[in-house]
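Observations on the three-dimensional arrangement
Okay, here's what each chain looks like letter by letter:
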Amino acid sequence: EPSGGTGGAQVADATVVGGHNVSLIDINGDNVQVSVDGQTHTVQPGDRFEGNFELVSVSGGCANFLYGDQSFTLCEAGERK
């Protein structure tokens, strides 16, 4: 049953990569707010964060990331292709 909210930022999309919980919080232009295991980062394309993560590009409401050589995409609500 729903808990009625996370008590924190609204999460737009989330996945598990390399054992890490990665959540997309917000995309604002080229600024992407992303949380890894509860630690929030604001990054731009080319930025590395939490060691092995990199924001590759932003396209519309989607952010394309790399974790090592594994790519993954997180999208804001309604933007998933």
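So, a few notes on the structure that sits alongside this text. (Residues numbered from 1 in each chain as written. Predicted model: local features only at pLDDT ≥ 70, side-chain atom pairs only at ≥ 80, totals over all residues. Heavy atoms only, no water.)

Our focus in this paragraph is the overall build of the chain. For the chain, the helix and strand inventory stands at zero helices and eight strands. Ordered by position in the sequence, the α and β elements of the chain form the string β-β-β-β-β-β-β-β. In the chain, buried positions account for 30% of the 81 residues. Restricting the contact set of the chain to residue pairs at least 6 apart, pairs at least 24 apart contribute 26%. Here the chain has roughly 4800 Å² of accessible surface; of this, 41% comes from carbon and sulfur atoms. (Helix = DSSP H or I, 4+ residues; strand = E, 2+ residues; numbered from the N terminus. Buried < 20%, exposed > 50% of the residue type's maximum accessible area, 1.4 Å probe, protein only. Contact = heavy atoms within 4.5 Å. Areas by Shrake-Rupley, 256 points an atom, 1.4 Å probe, with all protein chains shown as cover.)

Turning next to the sheet that holds strand β1 (residues 13-17). Ordered in space as β1-β2-β3-β4, the four strands form an open sheet in which the pairing is antiparallel. Both edges of this open sheet fall to β1 and β4 (39-43), since each of them pairs with a single strand only. Strand after strand, the sheet turns through a mean of 25 degrees between neighbouring axes, direction not considered. Pairing of β1 with strand β2 (residues 20-28), which is carried by five bridges, proceeds in the antiparallel orientation. Within β2, the residue paired with T15 across the bridge is V22. (Pairing = 2+ DSSP bridges. Axes fitted to C-alpha atoms, helices over the stretch in contact; angles between N-to-C directions.)

Turning our eyes to something else, we now look at the state of the cysteines. Evaluated as defined, the whole model comprises one disulfide. Two residues share a disulfide in this structure: C62 and C75, whose sulfurs sit 2.1 Å from each other. Judged by the torsion about the S-S bond (105 degrees), the C62/C75 disulfide is right-handed. In this pair, C62 is assigned in strand β7 (residues 62-67) and C75 in strand β8 (residues 70-75), connecting sequence segments 13 residues apart. A single burial state applies to C62 and to C75, both of which are buried. (Disulfide = S-S within 2.5 Å.)

Attention now goes to the pairing of β4. The pairing of strand β3 (residues 31-36) with β4 spans five bridges and is classified as antiparallel. Each bridged residue has a counterpart across the sheet, and for S35 the counterpart in β4 is T40. As consecutive antiparallel partners, β3 and β4 are separated by two residues, and within that stretch D37 has a phi angle of approximately 50 degrees, a positive value.

Attention shifts here to the side chain of H41. Residue placement: H41 occurs in strand β4. Exposure remark for H41: the relative accessible area of 18% places this residue in the buried category. Ignoring anything within four residues of it in the chain, the contact list for H41 reads V32, Q33, V34, F49 and E50.

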